[in-house]
Amino acid sequence: MAEESSPLRKYLKKEDIYDRDVESILCDLNVKDPASDFKGFTQKQWDELYRRAVVERAKELKDQPAKVRLEKKMTKLEKYWRKESGINKTSIKADSKVSKDDQKAPADQSSKAATNELLEKAAELKKFLQKEGCYNVDLLAVLSDHGVNKEEDIGNIQTNMEWGTITREVRVLQRGKLKDQAAKNRADKTVIKFEKIWRKKTGIKSTSIKEDAKGKKGTAPKDKKIEELQGKGKALKDWMKKNGIWQMALYEELLGAGIESPDQCKGLTEDQFDEIVRKVRVERFKDLKEQKARQAADKLLVKFEKFWRKESGIKKTSLKNK
């Protein structure tokens, strides 16, 4: 580990990309001062850094925002390394061999026990993906982690930001597995094929992110709002996914009502509950074009209502399962 006053730590903190594990790995790779040591840092060494810092840590980083933050830091660090070393992405040959360590890199969900558990949990989704010709075990694992375990759950992916996170996670899982460009292209085509299915079911269109006057990419207002919300309510989000009632619009409205954990749901009054459901329906139904998707969204609200009535003790039925 680098000392507090070391050039490496100073650089990482100055650029707001400090991460203890990344710092430790860089030290292991003999990087003490990025300004000078990155000049001779090879592509193979960068791949080793990425594998240890991102791929191997994917399993321990349960929180999605944490994974996104780490990827942003690594992207910024990579830009600086490529600038100093002169190694461009286009200079990496498609048929070049990855290091032996990369070939052995353990991907998240790769253990036999974890895979069996995944296949049992997301059996319906697996059949659907195979039927549509876009099955990939890593895609299945990431979708399941986001609460998508069957065809009806696909509509639970409600924003381009969330889809972007899913795409990045699939790539992280496959980075150490795919040995040639042809395999990478096949994997990308599989993800793109599923993306088309998702967009057709939800009606969500791909939005282009405009650059501001300074050339920096801006964030869509809705996605920025969601990003801010993800800093709180983790207990509520995890509970919703675990119980099969995950829906971003519902999550947002609950947070807006001051509900950050499942235990707080019982404090909602009948009027508050009805208002939340009304807003969720308005927000979701404007995005959902297909009747099946709308029915799935309604069933999810009915499931949430049952939990709320059980916890609050309010017996009156206001929602009907269509």
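Calculation criteria
Residues numbered from 1 in each chain as written. Predicted model: local features only at pLDDT ≥ 70, side-chain atom pairs only at ≥ 80, totals over all residues. Heavy atoms only, no water. Salt bridge = Lys/Arg side-chain N within 4 Å of Asp/Glu carboxyl O. Helix = DSSP H or I, 4+ residues; strand = E, 2+ residues; numbered from the N terminus. Buried < 20%, exposed > 50% of the residue type's maximum accessible area, 1.4 Å probe, protein only. pLDDT = per-residue confidence, 0-100. Contact = heavy atoms within 4.5 Å. 1 Å grid on protein atoms, 1.4 Å probe; cavity = no way out; pocket = protein on both sides within 12 Å on 5 of 7 lines; lining within 4 Å. Points joined across faces, edges and corners; volume = space filled by probe spheres on them. Core = buried A, V, L, I, M, F, W, Y, C linked by side-chain atoms within 4.5 Å. Phe/Tyr/Trp six-rings, centres within 6.5 Å; stacked < 30°, edge-to-face > 60°. Lys NZ or Arg CZ within 6 Å of the ring centre and 35° of its normal.

Description of the pattern of salt bridges
Charged atoms that come close allow side chains of opposite charge to pair. Tallying each qualifying case throughout the model produces 16 salt bridges. Here Arg 199 ties to Glu 195 by a salt bridge, and the two come within 2.9 Å at their closest N and O atoms. With Arg 199 and Glu 195 both in helix α11 (residues 181-202) and 4 residues apart, this pair spans about one turn of that helix. A relative accessible area of 16% means that Arg 199 is categorised as buried. Across the pair Lys 279 and Glu 275 runs a salt bridge, and its minimum N-O distance is 3.9 Å. Here the residue Lys 279 and the residue Glu 275 both occupy positions in helix α15 (residues 270-285), the gap between them amounting to 4 residues, near one helical turn. When salt bridges that share partners are traced, they join Asp 28, Glu 48, Arg 51 and Arg 52 into one network.

A few points about the confidence of the model for the chain
For the chain, mean pLDDT is 76; residues scoring 70 or higher make up 75% of the total. Confidence over residues 90-111 falls short of pLDDT 50; this stretch has 31 contacts with residues more than four positions distant or in other chains. Under a pLDDT of 50 for its full length, residues 208-225 has, in the predicted model, 15 contacts with residues more than four places off or in other chains.

Concerning empty space enclosed by the protein
In total, this model carries 2 cavities of 30 Å³ or more according to the counting rule given. Of the volumes computed, that of the second largest cavity is approximately 40 Å³. Along the walls of the second largest cavity sit Leu 12, Ile 17, Asp 19, Val 22, Leu 70, Lys 73, Met 74 and Leu 77, which together make up its complete lining. The element best represented in the lining of the second largest cavity is helix α5 (residues 64-85), accounting for 4 residues.

As for the nonpolar core
Counting residues in hydrophobic clusters, the biggest one holds 24 residues, and the most contacted among them are Leu 26, Phe 38, Trp 46, Leu 49, Met 74 and Leu 77. Secondary-structure elements contributing two or more residues to this core are α1 (7-14), α2 (20-28), α4 (43-55) and α5. At 6 residues, the largest contribution of residues to this core is made by α4. Among residues more than four places away in sequence, those in contact with Leu 49 are Val 22, Ile 25, Leu 26, Leu 29, Met 74 and Leu 77.

Quick notes on the packing of aromatic side chains
In this structure the tally under the stated criterion is 11 aromatic pairs. On the numbers, 6.0 Å between centres and 50 degrees between planes, the contact of Phe 38 with Tyr 80 is tilted. A residue pair is termed long-range when its members are at least 10 positions apart, and Phe 38 in the loop between α3 (34-37) and α4 and Tyr 80 in helix α5 qualify at 42 residues. Residues Phe 38 and Tyr 80 agree in their burial class; the two are buried. Of the aromatic side chains, those joined through ring pairs into one cluster are Tyr 11, Phe 38, Phe 41, Trp 46, Tyr 80 and Trp 81. Over the face of the ring belonging to Tyr 18 we find Lys 13, whose NZ or CZ atom lies 5.3 Å from the ring centre.

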